[in-house]
Amino acid sequence: MELKKAELVPLVNSWNVVTELLNETIDYGVVATYTYDTGDVEETVDALKGIKYVEEEQVEIPLQHCMFKRKDVKKEKIKYCASHIQALLQTKKKRQILMPNLEDVETEDTAVAAKLLAEGKLDKLTAVLCKKEIGLEYELDLMYEHVEDDADNFAEFIIIRRR
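The structure reproduced in this document is the subject of the present report.

About the cut-offs
Each chain has its residues counted from 1, running along the sequence as written. Only residues with pLDDT of at least 70 are given local features in this predicted model, and only at 80 or more are side-chain atom pairs given and counted; all residues enter the totals for whole chains, interfaces and linings. Each side-chain value is derived from all of the structure's non-hydrogen atoms; neither hydrogens nor water enter the calculation. Each Phe, Tyr or Trp ring (for Trp, its six-membered ring) is paired with any other whose centre lies within 6.5 Å, and the angle between the two planes then decides the class: stacked below 30 degrees, edge-to-face above 60, tilted in between. To qualify as a helix, a DSSP run of H or I must reach at least 4 residues; to qualify as a strand, a run of E must reach at least 2; elements of each kind are numbered from the N terminus. Relative accessibility thresholds used throughout: buried, under 20% of the residue-type maximum; exposed, over 50%; partly exposed, between the two (1.4 Å probe, protein chains only). In this scheme, strands are said to pair when DSSP sees at least two bridges between them. Axis angles are defined between N-to-C directions and span 0 to 180 degrees, where every axis is a line fitted to C-alpha atoms and, for a helix, only to the segment in contact. Only heavy atoms enter the contact rule, under which two residues are in contact if any of them lie within 4.5 Å. Buried Ala, Val, Leu, Ile, Met, Phe, Trp, Tyr and Cys residues form a nonpolar core when they are joined through side-chain atoms within 4.5 Å.

Evaluation of the coordinates by the stated rule reveals two aromatic pairs. A ring pair is formed by tyrosine 34 and phenylalanine 154, whose centres lie 6.4 Å apart and whose planes are at 45 degrees; its orientation type is tilted. One end of the pair, tyrosine 34, is in strand 1 (residues 28-35); the other, phenylalanine 154, is in strand 9 (residues 154-162), and 120 residues separate them in sequence. Owing to a relative accessible area of 18%, phenylalanine 154 belongs among the buried residues under this scheme. The interplanar angle of 35 degrees and the centroid separation of 5.9 Å between the aromatic rings of tyrosine 36 and phenylalanine 154 together place this pair among those described as tilted. Here the residue tyrosine 36 occupies a position in the loop between strand 1 and strand 2 (39-40), and phenylalanine 154 occupies one in strand 9, the gap between them amounting to 118 residues. Judged by its relative accessible area of 46%, tyrosine 36 falls in the partly exposed class.

See below:
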């Protein structure tokens, strides 16, 4: 499958991808279907129920989570950890060792969490879990790399199109 000329449209979640496919505003969509440690991605299972689609390709990507904070906040002051539910689940044990007692805050996507923190739309005492490149792009302060509980964890994504 040749997607080199594809325009990337960040739709954040599986529901948005399926909606745009059905509305014919996109030709292909990418959705997460499975992670090694937490199993099926329920959001995608639910979003794909009852629709007709063709699975073009399956891709596995290693999961590597980093924890960032705002530069103007000391690490000891952090009270919350925001990210997508999957990232929160995939880092729970390690986070309990690194920074116990943080309250989880669910966001729709790991990159969205970083953006919200950088824009001041999350409590400034919040850390976020996201890819290293994303946290650095938003000029956040890297506290920890490889926060994932299982270093061999991966996510499976599928590229789909309407039937």
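That was the structure; now back to the text.
Take the sheet that holds strand 4 (residues 66-69) next. Read across the sheet, five strands follow the order 6-5-7-4-8 without closing on themselves; strand pairing throughout is mixed. Single-partner strands in this sheet number two, and they are strand 6 (103-106) and strand 8 (141-144). Averaged over neighbouring strand pairs, the angle between their axes works out to 35 degrees when direction is ignored. Here strand 5 (residues 80-83) pairs with strand 6 via four bridges, running parallel. Paired with serine 83 across the strands is glutamate 106, a residue of strand 6. Across the sheet, helix 5 (residues 110-118) touches strand 4, strand 5 and strand 7 (126-130), and the angle it forms with strand 7 is around 145 degrees.

Overall, antiparallel pairing links the four strands, which are arranged 2-1-9-3 in an open sheet. Of all strands in the sheet, those with a lone pairing partner are strand 2 and strand 3 (53-62), marking the two edges. With seven bridges joining them, strand 1 and strand 9 adopt antiparallel strand pairing. Counterpart to valine 31 in the pairing with strand 9 is isoleucine 158.

What follows deals with the nonpolar core. Membership of the largest hydrophobic core comes to 13 residues, with the highest contact counts inside it found for Met67, Ile78, Cys81, Met99, Leu129, Met143 and Tyr144. Looking at this core, the elements with two or more residues in it are helix 3 (85-90), strand 7 and strand 8. If near-sequence neighbours (up to four positions away) are discounted, methionine 99 is found in contact with Met67, Lys75, Ile78, Met143 and Tyr144.

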